[in-house]
Amino acid sequence: MSIKIRNKNRYFLTALMAIMIAVLAGTTCYAKEEAGPGADIKAGNAASVNGVSIYVSKRTQTLSLKQNGVLIGEYPVSIGASSSDGNKKVEGDMRTPSGQFYVCTRNDKSVAYLALGLSYPGVEDAKRGFEEGIITQEQRDQIINANLTGQQPPWETALGGAIEIHGCRVPDGTTHGCVAVDNTVMDVLWSYCNLGVPVTIGP
């Protein structure tokens, strides 16, 4: 085989590999609701596949981002206007929920810059909601099943939903129940947090 033919084959293989890489790179879309590598978890309370975790303190109104137990940063947040009245109970109560959740959606088309959707309502919320007559048995079962399979639970029940960590924080401001951070902080969270990252919201 001549050198000219070998070079032609080499160029062809290089071009083919470049095309394949480009096609594969174009298959990721952050705004799509699809299961990621961290979504297959139990009740939203398993270790993140990349060692990342988030803790939000309602009392100090701070968010701590860690990886493998090492603090990456601590940032100020705004939370629900009525969060001091207790845990979130129903839609529209202006409270940020407490509990253990996981990132169930990533939205790069959010009206609040970028948004990481949280898996509220959780299993305990569903059980309480049914016992108190707030949601139906079917809704309870849907919420529990979504949590057990690491998916997005129904956000349209009377328990409320669409609780997110998002940008566009207003200093000294409040939210309807979400956790708001500065856009520069949201850039950091976005780079670290895949689907399934555990998020604890506590005192």
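This text follows the structure it describes.
The rules behind the values
Numbering of residues starts from 1 in each chain and follows the order in which that chain's sequence is written. Since the coordinates come from a predicted model, pLDDT governs what is reported: local features require at least 70, and pairs of side-chain atoms require 80 or more to be given and counted, while whole-chain, interface and lining totals use all residues. Computation of side-chain values covers all heavy atoms of the structure but excludes hydrogens and water. Helix and strand labels come from DSSP, where a helix needs a run of H or I of at least four residues and a strand needs a run of E of at least two; each type is numbered from the N terminus. The cut-offs for exposure are 20% and 50% of the maximum accessible area for each residue type, with area from a 1.4 Å probe on protein chains only; residues under the lower value are buried, those over the upper are exposed, and the others partly exposed. We call two residues in contact whenever any of their non-hydrogen atoms come within 4.5 Å of each other. Each accessible area value is a Shrake-Rupley result obtained with a 1.4 Å probe; residue values ignore everything except the protein chains displayed when judging cover. Just to be clear on terms, a salt bridge is a Lys or Arg side-chain nitrogen sitting within 4 Å of an Asp or Glu carboxyl oxygen. Pairs were defined over the aromatic rings of Phe, Tyr and Trp, the Trp ring being its six-membered one, requiring ring centres within 6.5 Å. Orientation was assigned from the angle between planes: stacked under 30 degrees, edge-to-face over 60, tilted for the rest. Only Lys NZ and Arg CZ are tested; either one counts as a charge over a ring when it is within 6 Å of the ring centre and within 35 degrees of the ring normal. Any two strands with at least two DSSP bridges between them are considered paired. A 3.5 Å cut-off defines polar contacts: any pair of N or O atoms within that distance qualifies, except that in protein one atom must be a possible hydrogen donor and the other a possible acceptor, and neighbouring residues in sequence count only when both atoms are side-chain atoms.

Draft legend 1. View of the overall build of the chain. Each helix and strand in the chain was counted, giving four helices and eight strands. Helices and strands appear in the chain in the N-to-C order α-β-β-β-β-β-α-α-β-β-α-β. In the chain, which comprises 203 residues, the share counted as buried stands at 43%. Taking contacts inside the chain between residues at least 6 apart in sequence as the whole, the part at least 24 apart equals 63%. If you sum the accessible surface of the chain, you get close to 10900 Å²; carbon and sulfur atoms cover 57% of it.

Draft legend 2. Layout of unusual backbone geometry. Cis geometry is adopted by the peptide bond preceding P121, which originates at Y120 and carries an omega value of 0 degrees. Relative to the helices and strands, P121 is located in the loop between β5 (115–118) and α2 (123–131). Backbone geometry places Q61, a non-glycine residue, at a positive phi of 50 degrees. The class for Q61 is partly exposed, based on a relative accessible area of 33%.

Draft legend 3. The arrangement of the pattern of salt bridges in detail. Applying the stated criterion across every chain yields a total of six salt bridges. In this structure, K88 and D93 form a salt bridge, with 2.9 Å as the shortest nitrogen-oxygen distance. The exposure class assigned to K88 is buried, which follows from its relative accessible area of 3%. Look at D93 and you get buried, because its relative accessible area is 14%. Measuring nitrogen to oxygen at the nearest pair gives 3.5 Å for the salt bridge that ties R128 to E132.

Draft legend 4. How the structure looks around the packing of aromatic side chains. Counted according to the given criterion, the structure contains one aromatic pair. The aromatic ring of W190 is capped on one face by R106, whose charged end is 3.9 Å from the ring centroid. Seen from the ring of F130, R140 lies directly overhead, with NZ or CZ sitting 4.5 Å from the centre.

Draft legend 5. Structural detail: the pairing of strand β8 (residues 198–202). By the criterion of burial, β8 is predominantly enclosed, with four of the five residues buried. Looking at chain direction, strand β1 (residues 52–57) and β8 are connected through four bridges and run parallel. Bridge pairing in β8 links V56 to I201. With four bridges joining them, strand β4 (residues 99–107) and β8 adopt antiparallel strand pairing. Looking at β8, one finds that F101 is bridged to V199.

Draft legend 6. Local environment of the sheet that holds strand β6 (residues 164–166). Read from one edge of the open sheet, eight strands run β3-β2-β1-β8-β4-β5-β6-β7, paired in mixed fashion. Single-partner strands in this sheet number two, and they are β3 (70–76) and β7 (179–180).

Draft legend 7. The arrangement of the environment of D108 in detail. Structurally, D108 can be placed in the loop between β4 and β5. Taking the C-alpha atoms as reference, D108 lies 9.2 Å from W190; in sequence the two are 82 residues apart. Of the polar contacts made by the side chain of D108, one reaches the side chain of K109; its length is 3.4 Å.

All we've got here are geometric facts, nothing functional implied.
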